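# Architecture at a glance
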Amino acid sequence: MMVVVSYDVGQDEGGQKRLRKMAKLCEGFGQRVQYSVFECLVDPAQWVNLKAHISSIINPEYDSVRFYFLGANWKRRVESLGKQRSFEPDEPMII
(Lines give C-alpha, C1' and ligand atoms only; values in the text may rest on other atoms or scores of the structure.)
Protein backbone atom coordinates (compact mmCIF):
# COMPACT_ATOMS: atom_id res chain seq x y z
CA MET A 1 0.00 0.00 0.00
CA MET A 2 1.11 3.55 -0.62
CA VAL A 3 1.28 5.81 2.44
CA VAL A 4 2.16 9.48 2.21
CA VAL A 5 4.00 10.65 5.32
CA SER A 6 4.05 14.38 6.03
CA TYR A 7 5.73 15.84 9.08
CA ASP A 8 6.48 19.13 10.77
CA VAL A 9 9.14 19.03 13.47
CA GLY A 10 9.27 21.86 16.00
CA GLN A 11 12.28 24.11 16.40
CA ASP A 12 12.64 23.43 20.12
CA GLU A 13 15.85 22.09 21.63
CA GLY A 14 16.49 18.79 19.90
CA GLY A 15 14.26 19.63 16.94
CA GLN A 16 17.05 19.56 14.36
CA LYS A 17 18.15 16.11 15.56
CA ARG A 18 14.58 14.77 15.35
CA LEU A 19 14.21 16.32 11.89
CA ARG A 20 17.32 14.49 10.62
CA LYS A 21 16.16 11.23 12.19
CA MET A 22 12.72 11.54 10.59
CA ALA A 23 14.20 12.20 7.15
CA LYS A 24 16.64 9.29 7.42
CA LEU A 25 13.92 6.93 8.61
CA CYS A 26 11.48 7.90 5.87
CA GLU A 27 14.19 7.65 3.20
CA GLY A 28 14.58 4.02 4.22
CA PHE A 29 10.91 3.33 3.51
CA GLY A 30 10.16 5.53 0.52
CA GLN A 31 11.02 8.46 -1.66
CA ARG A 32 11.08 12.15 -0.75
CA VAL A 33 8.63 14.11 -2.89
CA GLN A 34 8.76 17.39 -0.95
CA TYR A 35 11.02 18.60 1.85
CA SER A 36 9.04 16.89 4.63
CA VAL A 37 6.79 14.65 2.53
CA PHE A 38 7.55 11.06 1.58
CA GLU A 39 5.72 8.46 -0.49
CA CYS A 40 6.26 5.07 1.13
CA LEU A 41 5.27 1.82 -0.58
CA VAL A 42 4.94 -0.58 2.37
CA ASP A 43 3.32 -3.87 3.30
CA PRO A 44 1.34 -4.13 6.57
CA ALA A 45 4.36 -5.29 8.62
CA GLN A 46 6.54 -2.47 7.28
CA TRP A 47 3.76 0.03 8.06
CA VAL A 48 3.64 -1.11 11.70
CA ASN A 49 7.44 -0.83 11.90
CA LEU A 50 7.50 2.63 10.28
CA LYS A 51 4.78 4.00 12.56
CA ALA A 52 6.47 2.61 15.69
CA HIS A 53 9.80 4.19 14.73
CA ILE A 54 8.16 7.53 13.99
CA SER A 55 6.37 7.42 17.36
CA SER A 56 9.71 6.86 19.08
CA ILE A 57 11.35 9.85 17.32
CA ILE A 58 8.80 12.63 17.59
CA ASN A 59 8.03 14.87 20.53
CA PRO A 60 4.20 15.05 20.51
CA GLU A 61 4.27 18.44 22.26
CA TYR A 62 6.15 20.08 19.36
CA ASP A 63 5.88 17.81 16.30
CA SER A 64 3.10 16.79 13.94
CA VAL A 65 2.97 13.80 11.60
CA ARG A 66 0.16 13.00 9.16
CA PHE A 67 -0.37 9.78 7.21
CA TYR A 68 -2.40 9.59 4.00
CA PHE A 69 -3.33 6.10 2.83
CA LEU A 70 -3.59 5.76 -0.93
CA GLY A 71 -3.94 1.97 -0.88
CA ALA A 72 -2.85 -0.59 -3.45
CA ASN A 73 -4.31 1.28 -6.45
CA TRP A 74 -2.37 4.44 -5.66
CA LYS A 75 -1.20 5.12 -9.25
CA ARG A 76 -4.71 6.25 -10.22
CA ARG A 77 -4.80 8.60 -7.24
CA VAL A 78 -1.47 10.38 -7.72
CA GLU A 79 -1.16 13.25 -10.15
CA SER A 80 1.77 15.63 -10.34
CA LEU A 81 2.93 18.68 -12.22
CA GLY A 82 6.48 19.88 -12.69
CA LYS A 83 9.62 17.91 -12.01
CA GLN A 84 9.21 14.22 -12.72
CA ARG A 85 9.76 11.52 -10.14
CA SER A 86 13.16 9.88 -10.07
CA PHE A 87 11.81 6.30 -10.04
CA GLU A 88 8.65 4.26 -9.67
CA PRO A 89 8.68 2.65 -6.21
CA ASP A 90 6.99 -0.60 -7.26
CA GLU A 91 9.14 -1.31 -10.32
CA PRO A 92 12.51 -3.08 -10.31
CA MET A 93 15.57 -0.85 -9.94
CA ILE A 94 18.79 -1.80 -11.68
CA ILE A 95 21.92 -0.50 -9.96
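Residues numbered from 1 in each chain as written. Predicted model: local features only at pLDDT ≥ 70, side-chain atom pairs only at ≥ 80, totals over all residues. Heavy atoms only, no water.

## Overview of the packing of helix 1 (residues 15–29) against helix 2 (residues 44–57)
Running from N to C, helix 1 and helix 2 cross one another at 175 degrees; their axes reach a closest spacing of 10 Å. With respect to each other, helix 1 and helix 2 are oriented roughly antiparallel. Residues R18, K21, M22, L25 and F29 of helix 1 touch helix 2, and the partners they reach there are Q46, N49, L50, H53, I54 and I57. Across the contact of helix 1 with helix 2, the residue classes tally to 6 nonpolar, 3 polar and 2 charged. (Axes fitted to C-alpha atoms, helices over the stretch in contact; angles between N-to-C directions. Helix = DSSP H or I, 4+ residues; strand = E, 2+ residues; numbered from the N terminus. Parallel < 35°, antiparallel > 145°, perpendicular 65-115°, else oblique. Contact = heavy atoms within 4.5 Å. Nonpolar A, V, L, I, M, F, W, Y, C, P; charged D, E, K, R; others polar.)

## A short note on the sheet that holds strand 3 (residues 37–41)
Paired through backbone hydrogen bonds, the strands of a sheet run either parallel or antiparallel to each other. Overall, antiparallel pairing links the 4 strands, which are arranged 2-3-1-4 in an open sheet. Bordering the open sheet on either side are strand 2 (30–34) and strand 4 (64–71), each of which pairs with just one other strand. Averaged over neighbouring strand pairs, the angle between their axes works out to 25 degrees when direction is ignored. The pairing of strand 1 (residues 2–8) with strand 3 spans 5 bridges and is classified as antiparallel. The partner of V5 across the bridge, within strand 3, is F38. In this fold helix 2 packs onto strand 1, strand 3 and strand 4, with an angle of close to 170 degrees to the strand it touches most, strand 4. (Pairing = 2+ DSSP bridges.)

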